[in-house]
Amino acid sequence: MAMENKCVRCATKMFGLARKLCRMMVKSQDGRELRSFRFKDEDESQEVRAVERRILLETLANQLPPDSISFGSKLGKIERSESGGTLLELADGSSISAKIVIGCNGIRSPIAKWMGFSEPRYVGHCAFRGLGFYPGGQPFEPRVNYIYGRGLRAGFVPVSATKVYWFICFNSSTPAEGKDCSHMAGAKITDPSVLKKQAIEAVQNWPSELLNIINLTPDDTIIRTPLVDRWLWPTISPPASSGKIVLVGDAWHPMTPNLSPGACYALEDAVVLARKLASAIKTGSTSVEDALRSYSNERWPRIFPLTVRANLVGSLLQWDNPAVCSVRNNVIIPKVVRLGPMLEHTNFDCEPL
């Protein structure tokens, strides 16, 4: 009961920190409004909220006992021990003997590689991302904003009273070379001031509100990454668990951000996995290995279709053909698209924690 109450307190606190969003607006790159949606008008059951990732992680981490997390612990090697556990050797020379290993270390997870998963596949576009900062308070309505161009799109959303998240997505034949953004080609660049300059150049003639947000973005919050995913084909892809080792989130099912999930699917994974493990450990009615397999079997039917859908949505949104873009802007978005069915993927019943 104490653990359940703690989970409720954490969820309540996060709910209060997350900024409620009421609308979504779509514009063309010249600033023309294509469509505006009210979430409640499209689906009364929907409630959309945005939260800064740092706040999310800090809130979750603060629920753990002190010193539970060791930051900067890069995994060097993983192997099964003679006792039936798992030995994790870290890059600093230290080691950890674990009874259960949950690999949630991102798209380049060495645990996923050790389990036989392929490298995530590049999908043909890259993204700039950043966090605009307004010390005196940001001026935007509580809504999601999208701007569509040809082979180039952007968006921004307020995530707090002073911060606005933004992104720019551009087509690129390789992770380091852009077709329509040739000024971004070349070797990987990590200098945030250069990335900021590139981002501004990519949308230099777009709506001024987007450019203002980028200009007010601290350099150290700006990143540029290739977008990747991994399709978990049935009978072909390895299972999510091997013995008492299991994968969660991007380590298992990296997908493109085109459905705007943020960290939601990883949190769903965590809820399901925690329930399966708690039942196995507390009641002894099933083994840990069976609990991990049950988690994988329950999550796969949701994760695989969403990965495919996110990929297809991204491909459609990154159209660069002028005629196709004209049809998108003048027919599909204003007259055809319905937001309600597009939000169905956000529904997830986590049941009592």
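Residues numbered from 1 in each chain as written. Predicted model: local features only at pLDDT ≥ 70, side-chain atom pairs only at ≥ 80, totals over all residues. Heavy atoms only, no water.

Another aspect to go through is the packing of helix α7 (residues 264-283) against helix α8 (residues 288-317). Closest axis-to-axis distance for the α7/α8 pair is 9 Å, and the angle between their directions is 155°. It follows that α7 is roughly antiparallel to α8 by the angle criterion. For the pair α7 and α8, the sense of crossing is right-handed. Contacts between α7 and α8 pair Tyr265, Glu268, Asp269, Val272, Leu273, Lys276, Leu277 and Ala280 from the former with Val288, Ala291, Leu292, Ser294, Tyr295, Glu298, Arg299, Arg302, Ile303 and Leu306 from the latter. Considered class by class, the residues forming the contact of α7 with α8 number 11 nonpolar, 1 polar and 6 charged. (Axes fitted to C-alpha atoms, helices over the stretch in contact; angles between N-to-C directions. Helix = DSSP H or I, 4+ residues; strand = E, 2+ residues; numbered from the N terminus. Parallel < 35°, antiparallel > 145°, perpendicular 65-115°, else oblique. Left-handed = near helix turned anticlockwise from the far one by under 90°. Contact = heavy atoms within 4.5 Å. Nonpolar A, V, L, I, M, F, W, Y, C, P; charged D, E, K, R; others polar.)

Attention now goes to the pairing of strand β11 (residues 152-158). The buried fraction of β11 amounts to 7 of the 7 residues, a majority that puts the element mostly inside the structure. The side-chain alternation of β11 yields two buried faces, one formed by Leu152, Ala154, Phe156 and Pro158 and the other by Arg153, Gly155 and Val157. Both strand β10 (residues 143-148) and β11 contribute to a ladder of 4 bridges, which runs antiparallel. Counterpart to Tyr146 in the pairing with β11 is Gly155. Linkage of β10 to β11, two consecutive antiparallel strands, is achieved through a turn of 3 residues, within which Gly151 is found at a positive phi near 65°. (Buried < 20%, exposed > 50% of the residue type's maximum accessible area, 1.4 Å probe, protein only. Pairing = 2+ DSSP bridges.)

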